[in-house]
Amino acid sequence: MHRPMAIKNRSHMSFRKRSHNLLRFGVLAVGLTSLGAVIGKVSEHPFGSHDDPLAPSNQLSASVLPPPVISLTPSIDSTPPSASIADHAQPSNQIPPEQTVDATPENPELKTVDVTIEKGSSLSKIFAQFSLPTSELDQILKLGSDAKSLTRLRTGESISLELSNEHAGDAQLQRLSYDLGFDRTLHVVRTEDGDFKAEVEQHPLEYRQALGRGTIHDSFYNAATEAGIAPDIVMQLADIFGWKINFLTDIKDGDSFSILYESVYKNGEQVTTGDILAASFTNNGKLYQAVRYSDSTGNTAYYTPDGKSLERGFLRYPVEFSRISSGFSHSRLHPVLNVVREHKGVDFAAPAGTPIRASADGKITFQGWKGGYGKVVMLQHDGVYSTVYGHMSRFEPSLSQGESVKQGQVIGYVGATGYATGPHLHYEFRINGAHQDPLSAKLPEAMPIAANQRPRFLSESAQLMTQLARMENEAKTASLNTDTRNE
Ligand SMILES: [Zn+2]
């Protein structure tokens, strides 16, 4: 099967989903530490034939490499555009010293300087260092939200300046470049009339398909990480099957999993992972399968291969990097009051400051101090469901009572305010005001695939499951060959 690799922009939806996955992963990472692993292997190759150098996928990958820089050339009359770009490209390939100065041979007037941000440094200090006028700095910072990110430079990041007239002690900034992420670079360029304009260069990314698989011997988390699967993919998998498999209690020795996921490349190098496309998980002899599907309105969700939704409206675990320190119970010794009283929620112990996220879309009905809860946020999700998040150290400053929040959005930070012995999130889940155990409450399933989407869904689903099985077989054959050679 030869098929061009997908090159696409990530949907808004998938970013939102990823933040959910962070939450789930924290619970897994810490909650399952009693378990470990022996594993298969991760194989990774472009979609299509990876052993044929002339396969369309390889040609395509070569064709996307040169980034479109031409439109971003600084407008300096005396400098040939190609020279400034070519010279700029060289120092970045070397081991980066703190500052690289590169004089352009054709134009000694123009220098490119790469500055690595040190602790306590800032753009205004860098401007002072090169005697650049602060009025120009002010001008640049007013060029919009992308340029505004120059006020939040972090240690270890680098910024590239193209300067003219530096030898004359009268340096003038012609161009400034700063990576906004692995996929975007901000360029501030001096225009012909002496002002500045900000442009964002979008780097072409290449999405390849990768397979991760393993067998669990003591911990899903260990099995996955030992197989070389990125933590984000582990989180996504736990999120996808979270309402079918309780990853805290249901994992058995011998459980196994296979994951077909996106691996994202820039200029031939892997920069991150994308979304899980298809996955299977065998838990206690029972097979669970999932495929990702985006409908015609752009909504993306995970379904069983025959189109049933795997999702619920709520996150099970609304806090990152945590463990459940105290399960739901109707009778427990309260650690602070030291009396037996009903504990109507779940406590998630986590370091102070750990972000707490809304477990579903909703509205903030309360944000303030309330007795034993300390600093607490209450969310109403619709007419029926509400959730409570207690003992916060602080609220998310950008939010206030009455505002709407999205699922996965940070609403506050773990603390120990109110009756709490140590930092933890006290989480309550209520249906019509009545407390329910959030870890086992019956939640409505999301809708199955709509009838009008079904033909396209079934065709895509079958393709993904076939691709998963094919890569799985290849990986098995490869590991068998390796075993034979080693004997
Ligand atoms: Zn509690």
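Residues numbered from 1 in each chain as written. Predicted model: local features only at pLDDT ≥ 70, side-chain atom pairs only at ≥ 80, totals over all residues.

**Some points on the overall build of the chain**
Alright, step 1. Tallying secondary structure elements over the chain gives nine helices and 25 strands in all.
Alright, step 2. Among the 487 residues that make up the chain, the fraction classed as buried is 35%. (Helix = DSSP H or I, 4+ residues; strand = E, 2+ residues; numbered from the N terminus. Buried ≥ 20, exposed ≤ 12 C-beta atoms within 10 Å, placed from the backbone.)

**Some words on the pairing of strand β12 (residues 286–294)**
Alright, step 1. In this sheet, β12 lies alongside strand β11 (residues 269–283) in antiparallel orientation, the contact comprising six bridges. By the bridge assignment for β12, asparagine 283 is matched with lysine 286.
Alright, step 2. Hairpin connection between β11 and β12: a loop of two residues separates the two successive antiparallel strands, and asparagine 284 in this loop has a positive phi of roughly 55 degrees.
Alright, step 3. Both β12 and strand β13 (residues 300–303) contribute to a ladder of four bridges, which runs antiparallel. (Pairing = 2+ DSSP bridges.)

**As for the nonpolar core**
Alright, step 1. In terms of nonpolar packing, the biggest core is built from 39 residues, with Leu237, Ile259, Leu260, Ala279 and Ala290 touching the most fellow members.
Alright, step 2. When residues no more than four places from it in sequence are discounted, the contact partners of leucine 237 are Phe257, Ile259, Ile276 and Ala279.
Alright, step 3. With 26 residues, the next largest nonpolar core counts Met378, Leu379, Val388 and Val414 among its residues. (Core = buried A, V, L, I, M, F, W, Y, C linked by C-beta atoms within 7 Å. Contact = placed C-beta atoms within 7 Å.)

**A short note on the confidence of the model for the chain**
As a general rule, the predicted coordinates of low-pLDDT regions are not to be interpreted in detail.
Alright, step 1. Chain-level statistics for the chain give a pLDDT mean of 76 and a share of 71% at 70 or above.
Alright, step 2. The low-confidence segment residues 321–325, where pLDDT is below 50, has 25 contacts with residues more than four positions distant or belonging to other chains. (pLDDT = per-residue confidence, 0-100.)

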